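Commentary on secondary and tertiary structure
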Amino acid sequence: SQTIHQWPATLVQPVGSPLSLECTVEGTSNPNLYWYRQAAGRGLQLLFYSVGIGQISSEVPQNLSASRPQDRQFILSSKKLLLSDSGFYLCAWSRQRNTEAFFGQGTRLTVV
Amino acid sequence: KNQVEQSPQSLIILEGKNCTLQCNYTVSPFSNLRWYKQDTGRGPVSLTIMTFSENTKSNGRYTATLDADTKQSSLHITASQLSDSASYICVVSAEQAGTALIFGKGTTLSVSS
């Protein structure tokens, strides 16, 4: 069976510090991978998606970047965090573009 | 513009009661519609997925309906339980380039005893 792991579960970081959130998928190959952010009281906002190693598409301009160094690894990064980067970050995968997305457990990021 | 609107924003019901959540969308061309359940602080989990030709689909006490003509969907929860307390998110998929998943903002359901 397929599983998705995302860590850490919670993170408190000072403004201006770097960020690295990691997501890995097991039990499948060549998945589509996604990073979403969910602000309080708002819907899920797609940040990045990847259809293959080294292939990253950004949906919105922001202070964040993503990388896919391996087939089943997706990393969300920032060089300098802003207060507005606080939120709930979710990693997800799907077999194809319009098929069901399976979500990780999320990371609660608080920038102070 | 592709949008998914959900109502109500929040809902409080007594344990054992039924409830219905609504989802209206303006996504075109339509591919499929999913309902997800998201417990607080956790990732969303899929409840149902429906394509254009499907009118209703059930998953235990959850029944989703789809009217592709009016572009409306509903999620009916029967005999609610405390564990049903969560956010329910409607997600519509469009046939277009990119990820093509449009998320609603969700309905927060609270079931009290």
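This text gives an overview of the structure that appears in the document.

So, how was this worked out
Residues numbered from 1 in each chain as written. Chains lettered and ligands numbered in written order. Predicted model: local features only at pLDDT ≥ 70, side-chain atom pairs only at ≥ 80, totals over all residues. Heavy atoms only, no water. Phe/Tyr/Trp six-rings, centres within 6.5 Å; stacked < 30°, edge-to-face > 60°. Helix = DSSP H or I, 4+ residues; strand = E, 2+ residues; numbered from the N terminus. Buried < 20%, exposed > 50% of the residue type's maximum accessible area, 1.4 Å probe, protein only. Pairing = 2+ DSSP bridges. Contact = heavy atoms within 4.5 Å. Axes fitted to C-alpha atoms, helices over the stretch in contact; angles between N-to-C directions. Salt bridge = Lys/Arg side-chain N within 4 Å of Asp/Glu carboxyl O.

Moving on, we get to the packing of aromatic side chains. The final tally for this structure, using the stated rule, is 9 aromatic pairs over all chains. Relative to B:F103, the ring of A:F103 has its centre 6.2 Å away and its plane inclined at 80 degrees; by these criteria the two rings are edge-to-face. Of this pair, A:F103 sits in strand β10 (residues 102–103) while B:F103 sits in strand β10 (residues 101–103), on two different chains. With relative accessibility at 8%, the residue A:F103 sits in the buried group. Members of the aromatic cluster, connected to one another through ring pairs, are A:Y34, A:Y36, A:F103, B:Y36 and B:F103.

Turning our attention to the pairing of strand β7 (residues 65–70) of chain A. Residues and elements named next belong to chain A. The pairing of β7 with strand β8 (residues 73–78) spans 4 bridges and is classified as antiparallel. Across the sheet, residue S65 finds its bridge partner in β8, namely S77. Between β7 and β8, which pair antiparallel in sequence order, lie 2 residues.

This paragraph deals with the side chain of B:D84. Here B:D84 shows up in the loop between β8 (72–77) and β9 (86–94). Beyond its immediate chain neighbours, meaning those up to four positions away, B:D84 contacts B:K37, B:R61, B:Y62, B:I77, B:L109 and B:V111.

Turning next to the sheet that holds strand β3 (residues 19–26) of chain A. Residues and elements named next belong to chain A. Pairing is antiparallel across the open sheet formed by 4 strands, whose spatial order is β1-β3-β8-β7. A single partner strand is all that each edge strand has here, and the edge strands are β1 (3–7) and β7. Taken over all neighbouring pairs, the strand axes of this sheet differ in orientation by 20 degrees on average, direction set aside. The pairing of β1 with β3 spans 5 bridges and is antiparallel. Note that in β3 the partner of W7 across the bridge is E22.

Turning our attention to the pattern of salt bridges. What the rule picks out here adds up to 4 salt bridges over all chains. A:R68 is the salt-bridge partner of A:D71, the closest N and O atoms lying 3.2 Å from each other. Between B:E54 and B:K57 there is a salt bridge; the shortest N-O distance is 3.0 Å. According to the relative accessible area criterion, B:E54 is partly exposed, its value standing at 24%. Given a relative accessible area of 26%, B:K57 falls into the partly exposed group.

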